[in-house]
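So you can see what is in the structure, the chains are spelled out below.
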Amino acid sequence: VSTQSTWGSERQELFTFQGHTATVWSCAFHPADDRILLSASMDGTIKIWRREEGSGLNVKTLRGHSGPAYHATFTPDGKRIASCSADRTIKMWSSETGEEYTTTKCVETINNKRSNKFDILIY
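Residues numbered from 1 in each chain as written. Predicted model: local features only at pLDDT ≥ 70, side-chain atom pairs only at ≥ 80, totals over all residues. Heavy atoms only, no water.

1. Some remarks on the sheet that holds strand 9 (residues 89-94)
Item 1. Read across the sheet, four strands follow the order 7-8-9-10 without closing on themselves; strand pairing throughout is antiparallel. Pairing within the sheet leaves two strands with one partner each, and these edge strands are strand 7 (69-74) and strand 10 (100-105). On average, each strand axis in the sheet is tilted by 15 degrees relative to the strand beside it, whichever way the strands run.
Item 2. As paired strands, strand 9 and strand 10 are joined by five bridges and run antiparallel to one another. Residue pairing across strands places Lys91 opposite Thr103, the latter belonging to strand 10. (Pairing = 2+ DSSP bridges. Helix = DSSP H or I, 4+ residues; strand = E, 2+ residues; numbered from the N terminus. Axes fitted to C-alpha atoms, helices over the stretch in contact; angles between N-to-C directions.)

2. Some points on the pairing of strand 8 (residues 80-85)
Item 1. For strand 8, a buried count of five out of six residues is recorded, marking the element as mostly surrounded by other parts of the structure.
Item 2. Of the strand pairs in this sheet, strand 7 and strand 8 are connected by five bridges, and their pairing is antiparallel. By the bridge assignment for strand 8, Ala69 is matched with Ser85.
Item 3. Where strand 7 hands over to strand 8, the hairpin turn is made up of five residues, of which Gly78 adopts a positive phi near 80 degrees. (Buried < 20%, exposed > 50% of the residue type's maximum accessible area, 1.4 Å probe, protein only.)

3. Some remarks on the pattern of salt bridges
Item 1. Tallying each qualifying case throughout the model produces three salt bridges.
Item 2. The shortest N-O distance in the salt bridge between Arg35 and Asp33 comes to 2.9 Å.
Item 3. For Arg35, a relative accessible area of 43% puts it in the partly exposed group.
Item 4. Residue Asp33 is classed as buried on the basis of its relative accessible area, which comes to 18%.
Item 5. Ionic pairing is found between Asp34 and Arg51, a salt bridge with its closest N-O pair at 3.8 Å. Separated by 17 residues along the polypeptide, Asp34 in the loop between strand 3 (24-29) and strand 4 (36-41) and Arg51 in strand 5 (residues 46-52) bring together distant segments of the chain. (Salt bridge = Lys/Arg side-chain N within 4 Å of Asp/Glu carboxyl O.)

Okay, here's the thing in structure tokens:
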């Protein structure tokens, strides 16, 4: 089981979240509630977590990508989630219900040969 941890300024582990079955590629905090966070994993899922006493509770698992999920982020208002995947899609989800709003096929990728960084920018 893959885990992700949140670290404090003194390099001490604050929270551990367990539940993905493969490597976690990215994490993002909710813009208005730092107890809520997302994770995107090579297992193809996006998980929404709520921080509890010393650990994390998996609130929802978003399934829909047919390949590894590289990145997920909240929109600035926190109401939606955008995720991107090796299946060359970007998906928009409801952060409250986990319902998928839309899927957009990737037309072109920008390849940074010096980095394996994947990101989504939302205005």
